[in-house]
Amino acid sequence: MKTSFKLNGKMVQVETAPDATLLWTLRDALQLTGTKYGCGASLCGACTVHLDGIAVRSCMTPVSSVAGRSVTTIEGLAGEELHPLQKAWIEEQVPQCGYCQSGQIMQAAALLKANPHPDRELIISYMNGVLCRCGTYTRILKAIEKVSKSGKQ
Amino acid sequence: MNNKKEGRAHPMSRRQFMLTAGGFSFAVTAGAIAPRFLGDPEPAASSGDQQLTAWVKITADGKITIYNPAAEMGQGSMTALAAILAEEMDADWDKVTIEYSPVEPGIYGMQWNGTPGGPMITAGSRTVRGYYKPLRQAGAKARYVLLYNAAKKWGLPQSGLKTDRGYVIDPAGGRKLSYGEIASFAQIPPSVPEINEQDLKKPEQFRLIGQIIPRYDIPEKTTGRAKFGIDFSLPDMVYAAIARAPVYGSTPELLNENEVRTSDGLVDLVKMDHGIGVVANTFEQALKAKKRMQIRWSGEARAKGYDSVEDYKSLELLIRDENKKGRMVVDTGDAPSNIQSAYKIYEREYRTDYLYHAQMEPLNAVIHIAADGKSAEAWAGTQAPDTERNAIAKVLGLDESKVTFHNCYSGGGFGRRQEDFSLEAAMLAKQVRRPLKLIWTREDDIQYGAFRPMSLQRMEAGVDRDGHLTGWQHRIAGPDNRLQTGGVRMNYYTIPNQQTEHRVSHPGVRTAFWRSVGHGPNKFAQEAFIDEIAHDLQIDPYEYRRRMMKDLPRHLALLDKAAALSGWGKSPAPGRAYGMAFSDYGGSYTSGVVEISLDQESGQIKVHKVWAAVDAGVVVQPDNAIAQMEGGIVMGISSVLQESITFKNGQVQQSNFHDYPILRMADCPESIEISLMPSSLPPTSLGELSLPLMGGAITNAFLKLTGKALRHMPFTPAKVLEVLSK
Ligand code: FES
Ligand code: FES
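Only a predicted model underlies this, so the values are computations on that prediction, with no experimental measurement involved.

1. Quick look at the overall build of chain B
Along its length, chain B carries 18 helices and 29 strands. Considered along the principal axes of its C-alpha atoms, chain B spans approximately 80 × 75 × 45 Å. Classification of the 726 residues of chain B by burial places 62% in the buried group. Counted over contacts in chain B with a minimum sequence separation of 6, partners at least 24 positions apart contribute 75%. Looking at chain B as shown, the accessible area adds up to about 27,000 Å², and 50% of this sits on carbon and sulfur atoms. For chain B, the separation between the mean place of its 84 positive charges and that of its 83 negative charges on side chains is 2 Å.

Listed below in structure tokens is the structure:
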């Protein structure tokens with residue numbers, strides 16, 4: 001099956017099995033490995049990407065369902081410069097192993113896009129679906145609050 | 001620069017640029033000598049030492065490459081090790097790049113006692129502790145060679161020269177040479193003196209060690225560019241998944257092979273003793289074919305019928321049997337008779353369930369066997385690259401030197417990342433003969449996990465009229481002799497007459513190192529027991545610990561620090577309580593306090609705040625040390641409140657994060673405050689230090705809040721309600 005969609009601003013076409021998921025298509029067919037596999041069941045958030053600007057779990061998104069739509073992965077988040085969240089992540093030295101962090105950043109970026117100044121409660125409830133085994137949550141929270149307060153997003 | 005000059009055809013010129021001394025070597029090269037090329041068995045000109053390889057390489061453009069021998073799985077040691085070497089070399093940190101060293105345990109490995117040359121395993125929080133001294137010396141020797149060459153060039157005595165951030169300086173002549181410039185003409189001195197402790201920098205001269213330097217790996221971990229093992233791929237690569245024994249030790253028989261072989265994209269099926277591998281053109285095709293397989297499992301597996309909940313009953317019999325003797329780990333004075341004759345005797349039992357690692361990157365490996373079958377290359381994130389390499393070589397019937405293993409970033413390790421995935425990938429590739437990537441699904445990772453062993457711990461103690469402990473007995477029962485006695489010694493409390501013993505059970509299930517290993521369960525039992533005694537004696541648990549530390553100023557200072565941070569003694573907000581615990585790990589010490597609340601109706605415990613003081617000797621990277629403490633605390637709370645692996649009929653009952661929940665952001669404490677104690681002692685461990693605090697501190701806070709003790713981890717709402725109702 002052929003599917004065309006916009007990926008990080010450019011049109012792409014992929015040939016996959018009819019039921020292929022976006023996650024494995026991105027990682028293997030399109031070689032964008034920043035999006036991670038963690039559970040395959042919408043339980044961990046490691047595979048989070050943006051579909052038309054909204055955070056979705058790519059492990060449960062059939063690639064057929066993104067036809068004609070726009071997908072952004074961690075590789076396409078930065079423009080000329082790093083995204084303010086990526087900068088804050090470096091300033092706050094958030095990542096440990098780093099494996100969950102693409103998902104964390106993509107989830108946070110979708111939140112700030114929809115709501116540039118979320119309060120702490122909203123941030124926590126929005127970020128709660130993305131697991132971090134290394135326990136970087138307090139730093140993730142700090143980094144998001146830093147960006148939301150700086151008004152830079 | 002001209003690479004040919006350094007090429008394989010000119011061993012003499014290469015030798016000129018190499019130095020081997022004291023078992024640690026480095027190269028100052030004009031061209032780019034990859035350390036792999038230095039592995040040729042040629043004698044070094046200077047010392048006759050056979051160990052030819054490099055810790056650091058300087059090129060004429062000034063670039064400094066430092067080789068990292070340890071796994072980078074989130075603990076940050078790749079930055080710490082490079083900083084240690086760069087510090088003594090007086091290198092410009094901005095010019096440093098870090099690369100994994102080749103897998104050469106004889107050169108880059110370390111014995112467990114810290115002597116260079118030994119296994120390359122990254123475990124037991126030993127990396128910074130063990131490499132600190134050798135890397136300082138390697139850095140100082142590199143600096144010596146740079147000074148030697150600058151002095152020769154200028155015709156000056158070496159003693160009049162200084163270094164500063166990547167330059168050799170002639171203060172009298174007002175001249176300087178950059179390290180890169182020196183590299184372009186450097187020669188190896190006839191000898192390099194031994195570096196003594198007094199030749200190294202004094203702590204007050206440090207400008208990298210103990211400073212906040214950003215971690216090297218963090219930028220690429222925010223852009224998706226960082227390559228983990230699972231991200232590696234090769235042209236023409238096929239993908240594999242394996243259906244493994246649901247009961248460990250049973251063997252498979254595929255009942256519908258013909259049907260499965262018709263699956264889309266299927267490349268091959270590989271029968272192994274412990275499972276059946278499915279190889280396909282895409283990973284999703286492999287998963288689909290795996291699902292179609294009907295397998296009959298048979299054989300006399302020891303784990304057959306095993307029930308871990310029921311197992312506590314057999315462990316009770318095992319631990320309470322006064323005629324049995326296990327393996328004695330500590331035996332000082334005469335604990336049994338001093339307990340017998342004590343003014344008051346206490347007895348308690350504590351339980352901990354099996355735990356899963358839940359490292360976020362499931363296990364995986366990529367392997368490529370050369371067309372002639374005479375060599376192989378593999379990529380994976382692992383804590384033990386030499387073990388992986390050797391395991392692959394064995395499966396393929398190759399000499400170890402014919403297997404090149406590339407360590408990759410690991411998405412968490414925690415003790416799990418060793419051996420079985422590389423082994424399996426080699427078995428699959430041996431049959432399939434295509435470049436191959438094996439991925440464990442999350443379900444595989446849990447159901448064929450290797451777990452922190454369950455434990456039942458029986459504590460007995462006696463106190464005198466004043467409440468002082470006069471004897472202490474700690475018996476641990478569980479399935480793994482190697483993994484369950486860590487942390488039983490408490491050199492930070494003065495307790496006379498101690499006895500600790502391990503009694504082993506044989507359930508036949510897989511167990512493994514798990515962050516902090518024995519310390520997690522053992523510190524929980526010790527610290528909870530101490531609070532239960534103090535509670536009964538109506539002594540404040542902080543005061544009670546102070547008494548036991550009165551002759552141990554280093555530990556007392558730490559205890560006091562954590563108490564002060566938390567404001568111990570103040571009354572907490574209504575419905576909240578404080579609990580404290582003390583722990584050690586790998587020569588480091590920590591004291592922690594938690595503030596918790598309890599939802600009486602649901603039984604849910606919430607940890608609101610955590611404070612911890614740390615004494616880990618010289619801290620190379622303070623901010624990263626704090627991150628490690630934070631991470632251990634979060635993982636600790638997760639394991640204490642909600643994690644449990646159970647077996648029924650020999651099978652693991654959990655399969656993904658819905659039934660093996662790990663802590664989410666909403667359950668994370670709103671603040672974690674860490675205080676690092678200043679020290680001039682050599683660095684000690686950090687990565688596994690804080691986790692063992694949580695079991696004790698949380699149950700102790702619960703005891704304070706409710707008057708009841710939680711003695712079975714995890715403290716799930718159901719267990720909490722049960723304890724409250726008693
Ligand atoms: S991999 Fe998609 S949510 Fe876990
Ligand atoms: S940084 Fe390791 S899982 Fe989040």
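Resuming the write-up.
2. What to know about the overall build of chain A
Secondary structure summary: chain A contains 5 helices and 5 strands in total. The secondary structure elements of chain A, listed N-terminal to C-terminal, are β-β-α-β-β-β-α-α-α-α. At 15 Å, chain A has a C-alpha radius of gyration in line with the 15 Å of a compact globule built from 153 residues. With the C-alpha coordinates aligned to their principal axes, the bounding extent of chain A is approximately 45 × 30 × 25 Å. Relative to its 153 residues, chain A shows a buried fraction of 59%.

3. Considering the side chain of threonine 21 of chain A
Within the fold, threonine 21 of chain A resides in the loop between strand 2 (10-15) and helix 1 (22-29). Exposure remark for threonine 21 of chain A: the relative accessible area of 12% places this residue in the buried category. For threonine 21 of chain A, the side chain forms a polar contact with the side chain of glutamate 284 of chain B, separated by 2.9 Å. Not counting the four nearest positions on each side in its chain, threonine 21 of chain A is found in contact with Ser58, Cys59, Thr61, Pro62 and Val63 of chain A together with Glu284 of chain B.

4. A short note on helix 11 (residues 420-432) of chain B
All names here are of chain B. With 13 residues, helix 11 should cover 18 Å at 1.5 Å per step; its first-to-last C-alpha distance of 18 Å lies within 8% of that length. Burial in helix 11 covers these residues: Asp420, Phe421, Ser422, Glu424, Ala425, Ala426, Leu428, Ala429 and Val432. Arginine 433 occupies a position one or two residues after helix 11 and carries a positive phi of about 55°.

5. Details of the sheet that holds strand 8 (residues 175-178) of chain B
Residue and element names in this part refer to chain B. If you trace the 3 strands from one edge of the open sheet to the other, you get 6-7-8, paired in antiparallel fashion. With partners counted over all chains shown, the strands left at the sheet margins are strand 6 (162-164) and strand 8, one partner each. On average, each strand axis in the sheet is inclined to that of its neighbour by 30°, with strand direction left out of account. Judged from the 4 bridges that link them, strand 7 (residues 167-170) and strand 8 form a sheet pairing that is antiparallel. In the sheet register, isoleucine 169 faces strand 8, and the bridge partner there is lysine 176. Packed on one face of the sheet, helix 4 (residues 127-154) meets strand 6, strand 7 and strand 8 and runs near 45° to strand 7.

6. Overview of the interface of chain B and chain A
With 61 residues of chain B in contact, the opposing surface of chain A contributes 47 residues. For the chain B and chain A pair, buried surface summed over both sides reaches about 4,300 Å², with 57% attributable to carbon and sulfur atoms. When the area that chain B buries against chain A is broken down by residue, the three leading residues are Met360, Arg664 and Met665 of chain B, summing to 19%. Counting every contact that joins chain B to chain A gives 29 residue pairs in polar contact (both at pLDDT 80 or more). Where the side of chain B that touches chain A is concerned, the elements lending two or more residues are helix 7 (283-292), strand 19 (436-439), helix 12 (442-447) and helix 16 (622-641) of chain B. Looking at the side of chain B that touches chain A, the element that brings in the most residues is helix 16 of chain B, giving 9 residues.

7. Focus on the packing of aromatic side chains
Residues and elements named next belong to chain B. All chains considered together, the criterion is met by 24 aromatic pairs over all chains. Lying over the aromatic face of tryptophan 440, arginine 244 brings its terminal NZ or CZ to 3.7 Å of the ring centre. A cation over a ring is seen here: arginine 452 above tryptophan 514, with NZ or CZ 5.1 Å from the ring centre.

8. Some remarks on the domain arrangement of chain A
Residue and element names in this part refer to chain A. Split by domain assignment, chain A resolves into domain 1 (2-76) and domain 2 (84-150). When each unit is reduced to the centre of its C-alpha atoms, the spacing between domain 1 and domain 2 is 21 Å. Across the boundary between the two partners, domain 1 contributes 15 residues, which contact 14 residues of domain 2. Counting each side, the surface lost to burial between domain 1 and domain 2 is near 1,200 Å², with a carbon and sulfur contribution of 57%. The tally of links from domain 1 across to domain 2 stands at 0 salt bridges. Applying the counting rule to domain 1 against domain 2 returns 5 residue pairs in polar contact (both at pLDDT 80 or more). Where the side of domain 1 that touches domain 2 is concerned, the elements lending two or more residues are strand 3 (48-51) and strand 4 (54-57). Its residues assigned to classes, the side of domain 1 that touches domain 2 shows 6 nonpolar, 7 polar and 2 charged.

9. A word on unusual backbone geometry
In this model, methionine 713 of chain B is joined to proline 714 of chain B through a cis peptide bond whose omega is 0°. By the secondary structure assignment, proline 714 of chain B is in the loop between strand 29 (712-713) and helix 18 (717-725). Positive phi outside glycine occurs at glutamine 31 of chain A, with the angle close to 60°. Topologically, glutamine 31 of chain A is positioned in the loop between helix 1 and strand 3. On the basis of relative accessibility, which here comes to 45%, the residue glutamine 31 of chain A falls in the partly exposed class. Despite not being glycine, asparagine 497 of chain B shows a phi value in the positive range, around 55°. Structurally, asparagine 497 of chain B is set in the loop between strand 21 (469-478) and strand 22 (498-504).

10. Section: the domain arrangement of chain B
Residues and elements named next belong to chain B. For chain B, the domain assignment lists domain 1 (14-223), domain 2 (229-301 + 363-439) and domain 3 (308-355 + 451-725). Contact with domain 1, which involves 17 residues of that partner, is made by 15 residues of domain 2. Summing both sides of the interface, domain 1 and domain 2 together bury roughly 1,300 Å²; the carbon and sulfur share of this comes to 59%. Of all residues in domain 1, Met73, Tyr100 and Val103 give up the largest surface area on contact with domain 2, accounting jointly for 44% of the area buried on that side. For the pair domain 1 and domain 2, the interface holds 0 salt bridges. Residue composition of the side of domain 1 that touches domain 2, by class: 10 nonpolar, 2 polar and 5 charged.

11. Observations concerning the sheet that holds strand 20 (residues 455-463) of chain B
Residues and elements named next belong to chain B. With mixed pairing, 6 strands are arranged side by side in an open sheet as 14-22-21-20-15-29. Looking at the sheet topology across the chains shown, the edges are occupied by strand 14 (327-332) and strand 29. Sheet analysis places strand 15 (residues 344-352) next to strand 20, joined by 9 bridges and oriented antiparallel. For tyrosine 350, the partnering residue across the bridge sits in strand 20 and is glutamine 457.

12. Considering the packing of helix 13 (residues 519-537) of chain B against helix 14 (residues 541-548) of chain B
Residue and element names in this part refer to chain B. As a packed pair, helix 13 and helix 14 sit with axes 9 Å apart at the nearest point and diverge in direction by 110°. Compared by their axis directions, helix 13 and helix 14 come out roughly perpendicular. For the pair helix 13 and helix 14, contact is made by Glu527, Ile530, Asp531, Ile533, Ala534 and Leu537 and by Pro541, Tyr544, Arg545 and Met548, respectively. Taken together, the residues of the contact of helix 13 with helix 14 break down into 7 nonpolar, no polar and 3 charged.

13. Observations regarding the nonpolar core
Most often, soluble globular proteins keep nonpolar side chains buried together rather than apart. Residues and elements named next belong to chain B. Formed by 235 residues in total, the largest nonpolar core has its most connected members in Met89, Leu436, Ile605, Ile698 and Phe715. A total of 11 residues in this core trace back to one element, the largest contributor, which is helix 4. Once you skip the residues sitting within four places of it in the chain, isoleucine 605 turns out to touch Ile596, Ser597, Leu598, Leu641, Ile698, Phe702, Leu710, Phe715 and Val720.

14. Observations concerning the environment of methionine 60 of chain A
Residue and element names in this part refer to chain A. Looking at the element boundaries, methionine 60 is found in the loop between strand 4 and strand 5 (70-72). Methionine 60 sits in the partly exposed class, given a relative accessible area of 49%. With 53 residues separating them along the chain, methionine 60 and leucine 7 place their C-alpha atoms 18 Å apart. Setting aside residues no more than four positions away along its own chain, methionine 60 makes contact with Gly40, Ala41 and Ser42.

Definitions and cut-offs
- Residues numbered from 1 in each chain as written.
- Chains lettered and ligands numbered in written order.
- Predicted model: local features only at pLDDT ≥ 70, side-chain atom pairs only at ≥ 80, totals over all residues.
- Heavy atoms only, no water.
- Helix = DSSP H or I, 4+ residues; strand = E, 2+ residues; numbered from the N terminus.
- Buried < 20%, exposed > 50% of the residue type's maximum accessible area, 1.4 Å probe, protein only.
- Contact = heavy atoms within 4.5 Å.
- Areas by Shrake-Rupley, 256 points an atom, 1.4 Å probe, with all protein chains shown as cover.
- Lys, Arg positive; Asp, Glu negative; His and termini not counted.
- Charge placed at Lys NZ, Arg CZ, Asp CG, Glu CD.
- Rg over C-alpha atoms; globule rule 2.2 N^0.38 Å.
- Polar contact = N/O pair within 3.5 Å; in protein donor to acceptor, adjacent residues only side chain to side chain.
- Expected span 1.5 Å × (residues − 1).
- Pairing = 2+ DSSP bridges.
- Axes fitted to C-alpha atoms, helices over the stretch in contact; angles between N-to-C directions.
- Buried area = accessible area lost by both parts, 1.4 Å probe.
- Phe/Tyr/Trp six-rings, centres within 6.5 Å; stacked < 30°, edge-to-face > 60°.
- Lys NZ or Arg CZ within 6 Å of the ring centre and 35° of its normal.
- Domains from an automatic or database assignment.
- Salt bridge = Lys/Arg side-chain N within 4 Å of Asp/Glu carboxyl O.
- Nonpolar A, V, L, I, M, F, W, Y, C, P; charged D, E, K, R; others polar.
- Parallel < 35°, antiparallel > 145°, perpendicular 65-115°, else oblique.
- Core = buried A, V, L, I, M, F, W, Y, C linked by side-chain atoms within 4.5 Å.

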